[in-house]
Amino acid sequence: EKTYTVALQTMALCEGEPVKDLALIQKNALWLSRVQITQGPRKGSWSYPLGEGVGGDNSNSQFAVLALHEAERVGAKVDPEVWQLAAEYWKGCQNPDGSWGYQPENMPGSGSMTCAGIGAWIICSGKVAAAAAEATGNGVQCCLPPEKNDVLERALVWLGRNFSVRRNPGQPGAATQ
């Protein structure tokens, strides 16, 4: 009954015997989809869940995205609206410097949460991206230009400037740029 627990269980089942456990994986994917926040400033995120009006955070949201991705990979169905809301959330809560913090507002970025944001962004944006080809009545138009988006580039620049193997960048005592 908690996002972390359901997400971790889902990922473990997907790695174990997903064919045997597909019904439970699908049930968990539906639960994660149902508890996604769908209104307010943190729309598209996940929380513990603690009740109406309680905002989501980037850690719970990352775990939910990872679990839903794994669930889809083994055959579970996820509503495309879940991916759309999550993609908008991750894009919207990125800090101006390219990082992500644990909370989406007024929190400096950290290395761990920026890595979480990068992974979640790659998954979510990949689920909602426009196709690179389009079939029309006149044939197939391929090699369409990708949408302009610098979310990933800004995150990688921040991480490149701040990466350390000795500390989590952005945490107290860790200098960031």
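Analysis parameters
- Residues numbered from 1 in each chain as written.
- Predicted model: local features only at pLDDT ≥ 70, side-chain atom pairs only at ≥ 80, totals over all residues.
- Heavy atoms only, no water.
- Helix = DSSP H or I, 4+ residues; strand = E, 2+ residues; numbered from the N terminus.
- Buried < 20%, exposed > 50% of the residue type's maximum accessible area, 1.4 Å probe, protein only.
- Contact = heavy atoms within 4.5 Å.
- Areas by Shrake-Rupley, 256 points an atom, 1.4 Å probe, with all protein chains shown as cover.
- Salt bridge = Lys/Arg side-chain N within 4 Å of Asp/Glu carboxyl O.
- Phe/Tyr/Trp six-rings, centres within 6.5 Å; stacked < 30°, edge-to-face > 60°.
- Axes fitted to C-alpha atoms, helices over the stretch in contact; angles between N-to-C directions.
- Parallel < 35°, antiparallel > 145°, perpendicular 65-115°, else oblique.
- Left-handed = near helix turned anticlockwise from the far one by under 90°.
- Nonpolar A, V, L, I, M, F, W, Y, C, P; charged D, E, K, R; others polar.
- Core = buried A, V, L, I, M, F, W, Y, C linked by side-chain atoms within 4.5 Å.
- Expected span 1.5 Å × (residues − 1).

Draft legend 1. Region of interest: the overall build of the protein. Along its length, the protein carries 6 helices and 2 strands. The linear arrangement of helices and strands in the protein, starting from the amino end, is α-α-α-α-α-β-β-α. A buried classification covers 43% of the 177 residues belonging to the protein. Taking the intrachain contacts of the protein between residues at least 6 apart in sequence as the baseline, contacts between residues at least 24 apart amount to 61%. Counting only carbon and sulfur atoms, one obtains 56% of the accessible surface of the protein, whose full area is about 10000 Å².

Draft legend 2. Representation of the pattern of salt bridges. For the structure shown, the criterion picks out 6 salt bridges. Salt-bridge contacts for K20 lead to E17; the nearest nitrogen and oxygen are separated by 4.0 Å. For the salt bridge of R42 with E105, the shortest nitrogen-to-oxygen distance reads 2.7 Å. Residue R42 is found in the loop between α2 (22-35) and α3 (58-73), and its partner E105 is found in the loop between α4 (80-92) and α5 (111-128); the two are separated by 63 residues along the sequence.

Draft legend 3. Representation of the packing of aromatic side chains. Here the structure, examined in full by the defined rule, presents 4 aromatic pairs. Geometrically, the ring pair formed by Y89 and W90 is edge-to-face, given 5.6 Å between the ring centres and 80° between the ring planes. Note on W90 and W100: the rings are 6.0 Å apart at their centroids and 70° apart in plane angle, and the pair reads as edge-to-face. Here W90 is found in helix α4, whereas its partner W100 is found in the loop between α4 and α5, with 10 residues between them in sequence. Using a relative accessible area of 0% as the deciding quantity, one classes W90 as buried. Within the aromatic cluster, the residues linked to one another by ring pairs are Y4, Y48 and F63.

Draft legend 4. Representation of the packing of α4 against α5 within the structure. Two numbers describe how α4 lies on α5: the axes approach to 9 Å, and their chain directions differ by 140°. Classed by the angle they form, the pair α4 and α5 counts as oblique. In this structure, α4 crosses over α5, and the sense of that crossing is left-handed. Across from W83, Q84, A86, A87, W90 and K91 in α4, the residues of α5 making contact are A116, G117, A120, W121, I123, C124, S125, K127 and V128. Here the residues of the contact of α4 with α5 sort into 10 nonpolar, 3 polar and 2 charged.

Draft legend 5. A look at the nonpolar core. Counting 36 residues, the largest nonpolar core has L32, W46, V65, L68, W90 and W100 as its most contacted members. Counting residues per element, the ones that place at least two in this core are α1 (3-15), α2, α3, α4, α5 and α6 (151-162). Per-element accounting of this core gives the leading share, 6 residues, to α4. Excluding its chain neighbours within four sequence positions, the residues that come into contact with L68 are A29, L32, S33, W46, V78, V82 and W83.

Draft legend 6. Focus on the packing of α5 against α6. Between α5 and α6, the least distance of the axes is 10 Å, while the angle of their chain directions is 155°. In this view, α5 runs roughly antiparallel relative to α6, as classed from their interaxial angle. Crossing geometry of α5 relative to α6 is assigned as left-handed. For the pair formed by α5 and α6, the contact residues are G111, T114, C115, I118, W121 and I122 on the first element and V151, L152, A155, L156, W158 and L159 on the second. Here the contact of α5 with α6 is composed, by residue class, of 10 nonpolar, 2 polar and no charged.

Draft legend 7. Seen up close, α5. Given a rise of 1.5 Å per residue, 18 residues ought to cover 26 Å, and the 26 Å separating the end C-alpha atoms of α5 matches this to within 8%. Within α5, the full set of buried residues consists of G111, M113, T114, A116, G117, I118, A120, W121, I123, C124 and S125. Tucked inside the fold, the buried residues of α5 contact α3, α4 and α6.

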